[in-house]
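Here is what each chain is made of, one letter per residue.
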Amino acid sequence: MLASESGKVLLANTPAQRLKLDQDRLRKALDWPMLCKQAHRAGSTAASFSLGSMELEGEVVHLSLDGRDGYLLRLAENDHEASWLRNRSRAAMLMRVAHDLRTPIQSLLATAEKVLDEGEQSTAAEKEQARQQLRQSSELALDHISNVLGVIRGDKSLAGIRPDETFNITEELRSLVMMIGPIARQRKVALKLWLDPHEDTWVHGPVRFVRALFQNIIDNSAKYGGTEVEIGLTCRPLSSPDEQDESVKITLTVKDLGGGLPPEQKARLFEALDQSGKLKERATSGHPSAGLNVLAHALHQLGGKLDLSDRYAQSDKTRSDASNDVIGTVITVTLNLQKGERISPLYDPERALPLQDAPLSGRSIILVEDSPSSRDWLTHILRNAGAQVWAAGNGIEALSLLIRPEIRDRLDLILTDMTLPYMSGLEFAERVRQSEQTPWTGPIVALTAHVADEVVSACHAAGIVEVLEKPIRPSHLRSAILAALNTPSAPAEPAPAPQKPVSNKDDLLNDYIVSDLLSQLGADGAVSFMRRALDEAAGVLSRVREEGSGVDTGRMLHAATGACTLTGLSAVETCLRDMEHAFNNGRSLEACQSHLENALLETRKAIEALT
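Before going into details, it helps to say that this report is about the structure given with it. Because the structure is predicted, anything quoted here is derived from the model rather than measured. Throughout this description, residue numbers start from 1 for each chain and increase along the sequence as written. In view of the model being predicted, local features appear only for residues whose pLDDT reaches at least 70, and side-chain atom pairs are presented and counted only at 80 or more, with totals across whole chains, interfaces and linings using the full set of residues. Water and hydrogen atoms were dropped before computing side-chain values, which therefore reflect all heavy atoms in the structure.

**Looking at the sheet that holds strand β13 (residues 364–368)**
Stage number 1. A sheet is described by the order of its strands in space; here five strands give the open sequence β14-β13-β15-β16-β17, paired in parallel fashion. If you trace the sheet from one side to the other, it starts and ends with β14 (388–392) and β17 (466–469), each paired once. Averaged over neighbouring strand pairs, the angle between their axes works out to 20° when direction is ignored.
Stage number 2. Two strands form a pair only when DSSP identifies at least two bridges running between them. Secondary structure elements follow DSSP: runs of H or I of four or more residues count as helices, runs of E of two or more count as strands, with numbering from the N terminus. Bridging between β13 and strand β15 (residues 413–417) involves four bridges; their strand directions are parallel. In the sheet register, leucine 367 faces β15, and the bridge partner there is leucine 415.
Stage number 3. Whether two residues are in contact is decided by their heavy atoms: any pair within 4.5 Å suffices. Throughout, an axis means a line fitted to C-alpha atoms (over the contacting stretch in the case of helices), and angles, computed between N-to-C directions, take values from 0 to 180 degrees. Helix α10 (residues 372–384) rests against β13, β14, β15 and β16 (444–448) of the sheet, and its axis sits at about 170° to β14.
Stage number 4. Helix α15 (residues 474–486) rests against β13, β15, β16 and β17 of the sheet, and its axis sits at about 135° to β15.

As structure tokens, then:
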């Protein structure tokens, strides 16, 4: 059946007429506007339709009709055809999924090899940092594998795998770079990452295809792109003529030093992307690899465009001998996605209560923190104190900020977490002090949850002037930063120890931490932040009850515990720690579950009472 985007039926064969799909039924039974939108972007999309006890499956295909858009609905009429369509789709999906799983597994193995190589770490601090990096690599790999398995679970029907979602494309790129980082390190490849603008960008679209596209391009460059790979993400807002459907133009640029691609490999790439007309030479033999097929499929589903060019030693490409100066390859991918609203914001800046004074006014700080929620919270504390903040999710990104003279020349201080993926806070500080590209000698302050004498000594040896323990209260953080700025050549006076949440389960909230939240965010902002942590803990409880203990249970418990500690949810935090202890010792979690459920209920009441 051929129909317009509004659902008006233009043509229908006899079997389609028997379905009695008029405009109203087409829009309601098939969510026709959404299917048309996805088909227009990707060329086609899967569809299903229930008719009594019969399930019809097929696809919607976009057609250009003399300057207008038409949409062809094709459904399988019998079980045999439906099974054939379903199996063909699943076979292709499983091939792509199998390829996507290779990178997180290789990343985990590369990190494990580094930890097991005792020659890599000579001190207790270095060994602890290596273990922390292995833990983070494991979490990244498990998260990625969980995402891939989610695609498989959602692929039980052709219509069930296509929903778009709102996501942070900046954080998706950071996670992929961190996952591929151990592979690059093992191959002695330096990674660089820059963002334009240097702010998180939220979009709405098929995140699974964005991950597949970005992963395949970056992974291939890290493996075969020589000694250095530069990764850049540019996001520019686009407005539609009616200004109702805002979109964002996404550009991913990956530059390597692999010496350039041979003509036959370029031909294979464009053949996989159905862009072979761009090249005069065609491959005489061979077929696109699985990776190229995955890349091509993701690009097609996103409606994007890929450009590939040689990278020259000199910027002037008009020289007659420029072909002799090829040093690598530049891959540029462009695509448009809908603008997305940020999900569950940490705080509402318009409702945040301003401080009476701004002790860090006029100061510029680079913040390096891999946890998005912690990064948001610390950024808010610093900006509320008057500082200009450039927030980075890892050391790679922070080093790219230091390369920019307009930032480096104005920079007053670097605040970095110690447990970072790819490179630790120690290694990051050492690179800042020793790099010729980032000649900066200002103060560096570190944040860590594990303060020990050997860690502090190693930090000072790396040029870090002060080590602060997490969680830290905003007032103590500001005082420590001011001390470091006033005496950059020596460690600052130790800040007061952070107030630990009480362990008595009858005390639902930690008054010290809640007071800080209220003063920083106001009642609405503080309650929103606390609800977010409470929902995370409730989600862990629900998952443990539904699925039991698994390989990811420890990580989920640890993350939820940290979120509750940060927000002062003392009773829930204590119950989560009890569950962590039981899990680590191989005991049943059933008794802990009922305690946690009660704590969640009572804590939710206490939070609501703050409004």
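**Remarks on the nonpolar core**
Stage number 1. Each nonpolar core is a collection of buried residues, namely Ala, Val, Leu, Ile, Met, Phe, Trp, Tyr and Cys, held together in the definition by side-chain atoms within 4.5 Å. Note on exposure labels: buried denotes an accessible area under 20% of the residue type's maximum, exposed denotes more than 50%, and partly exposed covers the range between, all computed with a 1.4 Å probe on protein chains only. Ile169, Leu173, Leu213, Phe214, Ile250, Ile366 and Ile414 are the most contacted members of the largest nonpolar core, which has 73 residues in total.
Stage number 2. Sorting elements by how many residues they give to this core places helix α7 (residues 207–224) first, with nine residues.
Stage number 3. When neighbours within four sequence positions are excluded, isoleucine 414 is seen to be in contact with Ile366, Val368, Leu402, Phe428, Val432, Trp440, Pro443, Ile444 and Val445.
Stage number 4. In terms of nonpolar packing, the next biggest core, distinct from the first, is built from 57 residues, Ile365, Leu509, Ala560 and Leu596 among them.

**Quick look at the side chain of aspartate 412**
Stage number 1. You can see aspartate 412 is positioned in the loop between α12 (405–408) and β15.
Stage number 2. Here a polar contact is taken to be a pair of N or O atoms separated by no more than 3.5 Å, where protein atoms must pair a possible hydrogen donor with a possible acceptor and residues adjacent in sequence count only if both atoms sit in side chains. Polar contacts involving the side chain of aspartate 412 include one to the main-chain amide nitrogen of serine 364, which spans 2.8 Å.
Stage number 3. The residues contacting aspartate 412, other than those within four sequence positions of it, are Gly362, Arg363, Ser364, Trp440, Pro443 and Leu485.

**Notes on helix α11 (residues 395–403)**
Stage number 1. Most of α11 sits inside the fold, with eight of its nine residues counted as buried.
Stage number 2. For α11, the set of buried residues is Gly395, Ile396, Glu397, Ala398, Leu399, Ser400, Leu401 and Leu402.

**A short note on the side chain of aspartate 417**
Stage number 1. You can see aspartate 417 is positioned in strand β15.
Stage number 2. Excluding residues within four positions of it along the chain, aspartate 417 makes contact with Val368, Glu369, Asp370, Gly425, Leu447, Thr448 and Lys470.

**Focus on unusual backbone geometry**
Stage number 1. Cis geometry marks the peptide bond from aspartate 196 to proline 197, where omega comes out at 5°.
Stage number 2. Locating proline 197 in the fold gives a position in the loop between β7 (190–196) and β8 (202–205).
Stage number 3. In this model, aspartate 31 sits at a positive phi of 50°, which is unusual for a non-glycine residue.
Stage number 4. Mapped onto the fold, aspartate 31 is located in the loop between α2 (23–30) and α3 (32–42).

**Considerations on the packing of helix α18 (residues 570–584) against helix α19 (residues 590–608)**
Stage number 1. The geometry of α18 relative to α19 is characterised by a closest axis approach of 9 Å and an angle of 165° between their N-to-C directions. Here α18 is positioned roughly antiparallel relative to α19, judged by the angle of their axes. Read as a crossing pair, α18 and α19 show a hand that is left-handed. Between α18, through Ala571, Val572, Cys575, Leu576, Asp578, Met579 and Ala582, and α19, the contact on the second element is made entirely by Cys592, Gln593, His595, Leu596, Ala599, Leu600 and Thr603.
Stage number 2. Its residues placed into classes, the contact of α18 with α19 shows ten nonpolar, three polar and one charged. An angle below 35 degrees is read as roughly parallel, one above 145 as roughly antiparallel, one from 65 to 115 as roughly perpendicular, and any other as oblique. Take the far helix as your reference; a near helix turned counterclockwise from it by less than a right angle gives a left-handed crossing, and one turned clockwise gives a right-handed crossing. For this scheme, ten residues count as nonpolar: Ala, Val, Leu, Ile, Met, Phe, Trp, Tyr, Cys and Pro. Four count as charged, namely Asp, Glu, Lys and Arg, and the remainder, Gly too, count as polar.

**A word on the sheet that holds strand β4 (residues 54–65)**
Stage number 1. Reading across from one edge, β2-β1-β5-β4-β3 is the order of the five strands in this open sheet, with antiparallel pairing throughout. The open sheet has two edge strands, β2 (9–11) and β3 (44–51), and neither has a second partner.
Stage number 2. By the bridge criterion, eight bridges tie β4 to strand β5 (residues 68–75) in an arrangement that is antiparallel. Each residue of the ladder has a partner; that of histidine 62, found in β5, is tyrosine 71.
Stage number 3. Where α2 meets the sheet, it contacts β1 (2–3), β3 and β5, and its direction lies at approximately 105° from that of β3.

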